[in-house]
Amino acid sequence: MRLAIDLDGVVCNFDAYITKKLGECDHSLYSLEARYPDKLKEIQRLVTHRRTYSHLYPIPGALWGLDQLYKAGHKILFCTARPIEYRVTEQWLANFKIQYFDLYQGKREEKAAFVRTLNPDVVIEDSADIAEDIGLDVILYSQPWNQESKLPKMKDWVEIVDYIQDKDSSNR
């Protein structure tokens with residue numbers, strides 16, 4: 001199966017790093033600008049600085065889950081809207097020995113349309129807005145900021161792997 005998977009908020013814990021740098025906030029808000037309206041310059045600096053991304057850690061269970069999916073023969077297509085150099089993301093994946101089929105990095109406003117062109121069997125995303133725009137078989141990785149969405153949510157990588165394995169076996 002072809003799996004289009006977001007990175008930040010699904011595979012790596014971008015939110016924990018931002019909270020560590022900028023302080024506690026209302027995590028039910030997706031937008032960093034809405035969470036920290038008085039820290040816009042700091043947000044811009046953190047989001048566009050390559051060092052930020054090298055300090056991120058995987059979400060618990062993500063390395064295991066991705067390894068299970070890759071070993072089962074699924075094509076992992078990472079799709080991210082990071083505003084940094086492509087090679088920074090490649091290096092992060094290499095540092096954690098994450099195997100994948102391809103990596104796509106583009107602008108946030110173009111992400112949903114681009115993901116649809118990949119013709120994935122399943123999409124895993126944390127942004128409810130992007131997930132709803134994609135309109136395919138989308139799973140939301142459960143985060144405080146996407147709880148209002150009606151889309152199906154999965155709380156951890158065990159649940160994601162089980163879902164994909166069940167879907168794959170029912171397609172055979």
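Below or above, wherever it landed, is the structure these notes cover. As the structure is a computational prediction, the values presented were derived from the model and not from experiment.

With respect to the overall build of the chain
Across its full length, the chain holds 9 helices and 6 strands. Relative to the globule expectation of 16 Å for 172 residues, the C-alpha radius of gyration of the chain, 16 Å, shows essentially globular dimensions. In terms of overall dimensions, the chain has a C-alpha envelope of 55 × 35 × 30 Å along the principal axes. Among the 172 residues that make up the chain, the fraction classed as buried is 45%. Restricting the contact set of the chain to residue pairs at least 6 apart, pairs at least 24 apart contribute 62%. The centroid of the 23 positive side-chain charges in the chain is displaced by 6 Å from the centroid of its 27 negative side-chain charges.

Observations concerning helix H1 (residues 14–22)
For H1, the full list of buried residues reads Phe14, Asp15, Tyr17, Ile18, Thr19 and Leu22. Of the surrounding elements, those touching the buried residues of H1 are helix H2 (32–35), helix H3 (40–48) and helix H4 (50–54). Positive backbone phi, approximately 100 degrees, marks Gly23, located one or two places after H1.

A short note on the nonpolar core
Core analysis: the largest hydrophobic core is formed by 40 residues, its most contacted members being Ile5, Val11, Leu66, Phe78, Ile124 and Trp157. Excluding its chain neighbours within four sequence positions, the residues that come into contact with Phe78 are Ile5, Leu7, Val11, Leu66, Leu93, Ile98, Tyr100, Asp102, Leu103 and Tyr104.

Structural notes on the sheet that holds strand S1 (residues 2–5)
Across the sheet, 6 strands lie side by side as S3-S2-S1-S4-S5-S6; this open sheet has parallel pairing. Each having just a single partner strand, strand S3 (102–105) and strand S6 (153–154) make up the two edges of the open sheet. As paired elements, strand S5 (residues 138–141) and S6 share 2 bridges and run parallel to each other. Across the sheet, the residue bridging to Leu140 is Lys153, located in S6.

Description of the layout of surface pockets
By volume, the largest pocket is sized at about 620 Å³. It is H3 that provides the largest number of residues to the lining of the largest pocket, a total of 4 residues.

Observations concerning the packing of aromatic side chains
Counted according to the given criterion, the structure contains 5 aromatic pairs. Their ring planes at 20 degrees and their centres at 5.8 Å tell us that Phe14 and Tyr53 sit as a pair that is stacked. Taken together, the positions of Phe14 in helix H1 and Tyr53 in helix H4 put the pair 39 residues apart, joining distant regions of the chain. Here Phe14 matches Tyr53 in class, with each residue buried. Aromatic pair Trp92 and Phe96: ring centres 4.9 Å apart, planes at 45 degrees, arrangement tilted. The ring of Trp92 has Arg82 lying over it, and the distance from NZ or CZ to the ring centre is 6.0 Å.

Quick notes on the rules
- Residues numbered from 1 in each chain as written.
- Predicted model: local features only at pLDDT ≥ 70, side-chain atom pairs only at ≥ 80, totals over all residues.
- Heavy atoms only, no water.
- Helix = DSSP H or I, 4+ residues; strand = E, 2+ residues; numbered from the N terminus.
- Rg over C-alpha atoms; globule rule 2.2 N^0.38 Å.
- Buried < 20%, exposed > 50% of the residue type's maximum accessible area, 1.4 Å probe, protein only.
- Contact = heavy atoms within 4.5 Å.
- Lys, Arg positive; Asp, Glu negative; His and termini not counted.
- Charge placed at Lys NZ, Arg CZ, Asp CG, Glu CD.
- Core = buried A, V, L, I, M, F, W, Y, C linked by side-chain atoms within 4.5 Å.
- Pairing = 2+ DSSP bridges.
- 1 Å grid on protein atoms, 1.4 Å probe; cavity = no way out; pocket = protein on both sides within 12 Å on 5 of 7 lines; lining within 4 Å.
- Points joined across faces, edges and corners; volume = space filled by probe spheres on them.
- Phe/Tyr/Trp six-rings, centres within 6.5 Å; stacked < 30°, edge-to-face > 60°.
- Lys NZ or Arg CZ within 6 Å of the ring centre and 35° of its normal.

These figures come from the coordinates and say nothing about function on their own.
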